[in-house]
Amino acid sequence: MEEKFIEANDIRKIAEDVKNNEKDLIYINLNNIEFCRIIKQTRQGEHLFAFCQRLSDLSRFICKKDYVLVFYPVFDTLNDEQKRYIVEHEMRHIDPENKKVISHDFAEFRAMIKKFGLDYLEIIEQAEEKIKKLKEIEKKKKQIKKLEEEQDEILEEKTTEEDEKMKNINKEEDVDYDPDEEIDKDSDEPE
């Protein structure tokens, strides 16, 4: 079975730094959060770097975690400052009372706008461009794979055709070929 997620302890370290420097996030217990990467950029993640999800009661019981922060492959194309921004953004979804995922104040958290201004939109635009390039690369990989498969099929057909021709030639030679007859025709010796 192909894995869809992997642990992201490097992102946990970014979250530790954010928590240590942002006094309004002191309530967050990082031990109750799982950090992971989704291996493949999915359609749901086309315009996302990450998402925060509160686990179900059963998942919380099994995992001993309350939340999961999931990061898409495009997150890894960001520089350190941009990564820190995204991690902090996702951490702000965590409810101090541990009852829900907090929605944005606006289209963004008020605290994030105060801290970073509206320049963060540039991060989003850059990421969308990177996602577009990643999609183009993925599309080209699929095209190459399809061409390789078609080439393999053609080669297999040709090989099969050549094998059949050789079998037919051998059958014909076996039926019509008489080694003594060849000697008789070419011989200068009298009979």
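Residues numbered from 1 in each chain as written. Predicted model: local features only at pLDDT ≥ 70, side-chain atom pairs only at ≥ 80, totals over all residues. Heavy atoms only, no water.

> I would appreciate a short explanation of the side chain of H93 in the present structure.
Within the element layout of this structure, H93 appears in the loop between α3 (80-91) and α4 (110-116). At a separation of 3.3 Å, a polar atom in the side chain of H93 contacts the side chain of H89. (Helix = DSSP H or I, 4+ residues; strand = E, 2+ residues; numbered from the N terminus. Polar contact = N/O pair within 3.5 Å; in protein donor to acceptor, adjacent residues only side chain to side chain.)

> Is there a simple way to explain the packing of aromatic side chains in this structure?
Each pair of aromatic rings is reported with the distance of its centres and the angle of its planes. One pass over the structure, following the stated rule, counts two aromatic pairs. Their ring planes at 50° and their centres at 6.0 Å tell us that F51 and Y72 sit as a pair that is tilted. Pair noted here: F51 is in strand β3 (residues 50-54) and Y72 is in the loop between β4 (67-71) and α3, with a separation of 21 residues, a long-range link. Overall, the relative accessible area of 24% leaves F51 in the partly exposed class. Taking the relative accessible area as the measure of exposure, Y72 reaches 4% and is therefore buried. (Phe/Tyr/Trp six-rings, centres within 6.5 Å; stacked < 30°, edge-to-face > 60°. Buried < 20%, exposed > 50% of the residue type's maximum accessible area, 1.4 Å probe, protein only.)

> What is the right way to look at the sheet that holds β3 in this model?
Remark on secondary structure: sheet strands pair via backbone hydrogen bonds, oriented parallel or antiparallel. The strand order across the open sheet formed by four strands is β1-β2-β4-β3, and the pairing between neighbours is mixed. The sheet terminates laterally at β1 (5-7) and β3, the two strands that pair on one side only. The average undirected angle you get between the axes of adjacent strands in this sheet is 30°. Of the strands in this sheet, β1, β2 (33-38) and β4 are in contact with helix α1 (residues 9-21), which crosses β2 at around 130°. (Pairing = 2+ DSSP bridges. Axes fitted to C-alpha atoms, helices over the stretch in contact; angles between N-to-C directions. Contact = heavy atoms within 4.5 Å.)

Treat this as a map of the structure, not an account of what it does.
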